Amino acid sequence: DVKVTQSSRYLVKRTGEKVFLECVQDMDHENMFWYRQDPGLGLRLIYFSYDVKMKEKGDIPEGYSVSREKKERFSLILESASTNQTSMYLCASSSPGGGETQYFGPGTRLLVL
Amino acid sequence: QKEVEQDPGPLSVPEGAIVSLNCTYSNSAFQYFMWYRQYSRKGPELLMYTYSSGNKEDGRFTAQVDKSSKYISLFIRDSQPSDSATYLCAMSAQNDYKLSFGAGTTVTVRA
């Protein structure tokens, strides 16, 4: 079974803090994704990576950066957390090629105070 | 207009009823269609996967794709309280590893 794990299930941070969210997948997938999920807005793509050290902006990259130093690990960084970044963050991975299903981690609920 | 439209509900049905969910889309290039189930405070899990048009059945679940109408459906027969969740449709085009998601429909099955 594909396994995608995220470093924290719940996180509380203060405004202005630097926040790291870690994601690890064990299926040797090339593609990895970071989404945020908010009520009424659905899943929105923040960044994705199709290879080590490669990244592309998604639909809402502002205020976020990412790092992919190893194939299995994809990190989302909030350089200076703000209250409007309070959300559920979901990591996913998939094999290369079109139409490949994405496998999701359990999510991290981030609260920025 | 959103690329994928999905009625957020909520939908409440008695146990044993048939649940009918659907999504419409505007991008005619979409070829791959998925349904994900997401329990409260959990990540989405893949439920059904369909390529192009047609039907696919897996136990109590049936997925239908009508590309001519740009319309996909998910049916849950003999619904159980354990089916209570949010159901998300997702789709992608050939050679595109990004998915376009619907907003999700929240379903409650009453015992």
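First, a word on what this report is: a plain description of the structure on this page. Computed from a predicted structure; not experimentally measured.

What counts as what
Residues numbered from 1 in each chain as written. Chains lettered and ligands numbered in written order. Predicted model: local features only at pLDDT ≥ 70, side-chain atom pairs only at ≥ 80, totals over all residues. Heavy atoms only, no water. Helix = DSSP H or I, 4+ residues; strand = E, 2+ residues; numbered from the N terminus. Contact = heavy atoms within 4.5 Å. Salt bridge = Lys/Arg side-chain N within 4 Å of Asp/Glu carboxyl O. Pairing = 2+ DSSP bridges. Axes fitted to C-alpha atoms, helices over the stretch in contact; angles between N-to-C directions. Buried < 20%, exposed > 50% of the residue type's maximum accessible area, 1.4 Å probe, protein only.

Once that is clear, we can look at the environment of Asn95 of chain B. With respect to the helices and strands, Asn95 of chain B occurs in the loop between strand E9 (85-93) and strand E10 (100-101). Sequence separation between Asn95 of chain B and Gly43 of chain B is 52 residues; the distance between their C-alpha atoms is 25 Å.

Once that is clear, we can look at the interface of chain A and chain B. Counting residues at the interface gives 25 residues for chain A and 22 residues for chain B. Along the contact surface separating chain A from chain B lie zero salt bridges. Secondary structure elements with two or more residues in the side of chain A that touches chain B: strand E4 (31-38), strand E5 (42-51) and strand E9 (87-94) of chain A. For the side of chain A that touches chain B, the leading source of residues is E5 of chain A, giving five residues.

Below, the discussion takes up the sheet that holds strand E3 (residues 19-25) of chain A. Residues and elements named next belong to chain A. Taken in spatial order, the four strands of this open sheet run E1-E3-E8-E7, and their pairing is antiparallel. A strand with exactly one partner marks an edge of an open sheet, and here the two such strands are strand E1 (4-6) and strand E7 (64-70). Sheet twist, expressed as the average angle between the axes of neighbouring strands with direction ignored, equals 20°.

The subject of this paragraph is the pattern of salt bridges. Residue and element names in this part refer to chain A. Applying the stated criterion across every chain yields a total of ten salt bridges over all chains. Ionic pairing is found between Asp38 and Arg44, a salt bridge with its closest N-O pair at 2.8 Å. Accessibility expressed as a relative area gives 12% for Asp38, which makes it buried. Salt bridges sharing common partners tie together Asp28, Glu30 and Lys71.

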